[in-house]
Amino acid sequence: MSKQSKVSAKPSPRLDPLMRLANWLGRRSRAVRILLAALAALILTAALALLLFNSLFRIRPDQLNVTLANAMLLGTALLGLASYWLGWRLLVGFDFGESPLQVGKAAALYVLISALIGIAALIWSLFLLAEALSAP
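As the structure is a computational prediction, the values presented were derived from the model and not from experiment.

A. Representation of the side chain of Ser114 within the structure. Counting through the fold element by element, Ser114 comes out in helix α4 (residues 105-134). Judged by relative accessible area, which is 2%, Ser114 ranks as buried. In this structure, Ser114 is in contact with Ala40, Ile43 and Leu44, ignoring residues within four places of it in sequence.

So, in structure tokens, the structure goes:
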């Protein structure tokens with residue numbers, strides 16, 4: 001007759017919400033993480049483009065410096081590419097080895113901040129739309 005060992009009734013350690021989001025992102029497929037990186041970069045770029053459009057729209061056409069406006073729009077595109085590279089690096093990685101990348105807190109923070117910026121930009125654009133429609 002063999003003794004049965006008692007199973008310890010330790011509760012599992014609680015993970016902070018950022019680590020739970022990182023674990024959730026890590027369970028997604030590679031294609032979904034690529035789409036999330038692209039969506040986060042698109043949100044960040046669109047929010048910056050909205051800021052630029054709002055500032056350039058209020059300037060009279062004869063006072064607009066076209067060279068500066070083009071440089072700012074090119075900078076916005078470059079920022080979009082850089083944020084996509086960062087998202088790819090955090091969510092997908094560059095390693096094509098046997099073991100997949102473990103998504104960490106930095107990736108979860110990147111996705112969370114992108115989502116919050118997207119929500120803020122959406123709310124701000126609704127306020128701007130209401131302002132534009134209420135003008136005489």
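That covers the picture; the talk isn't over yet.
B. Highlighting the nonpolar core. If you look at the biggest cluster of nonpolar residues, it comprises 10 residues: Ala22, Leu25, Ala37, Trp88, Leu91, Val92, Val103, Ala107, Ala108 and Val111. At the level of elements, α1 (17-26), α3 (66-91) and α4 are the ones that each hand at least two residues to this core. If one sorts the elements of this core by residue count, α4 sits on top with 3 residues. Residues contacting Val103, with those up to four places away along its chain left out, are Ala22, Leu25, Gly26, Arg33, Leu90 and Leu91.

C. Summary view of the layout of surface pockets. Roughly 230 Å³ of volume is contained in the largest pocket. Along its surface, the largest pocket is lined by Leu50, Phe53, Asn54, Phe57, Arg58, Ser125, Leu128, Glu131 and Ala132. Elements with a contribution of two residues or more to the lining of the largest pocket: α2 (30-57) and α4. Looking at side-chain class alone, the lining of the largest pocket contains 5 nonpolar, 2 polar and 2 charged residues.

Reading the values: rules and limits
- Residues numbered from 1 in each chain as written.
- Predicted model: local features only at pLDDT ≥ 70, side-chain atom pairs only at ≥ 80, totals over all residues.
- Heavy atoms only, no water.
- Helix = DSSP H or I, 4+ residues; strand = E, 2+ residues; numbered from the N terminus.
- Buried < 20%, exposed > 50% of the residue type's maximum accessible area, 1.4 Å probe, protein only.
- Contact = heavy atoms within 4.5 Å.
- Core = buried A, V, L, I, M, F, W, Y, C linked by side-chain atoms within 4.5 Å.
- 1 Å grid on protein atoms, 1.4 Å probe; cavity = no way out; pocket = protein on both sides within 12 Å on 5 of 7 lines; lining within 4 Å.
- Points joined across faces, edges and corners; volume = space filled by probe spheres on them.
- Nonpolar A, V, L, I, M, F, W, Y, C, P; charged D, E, K, R; others polar.

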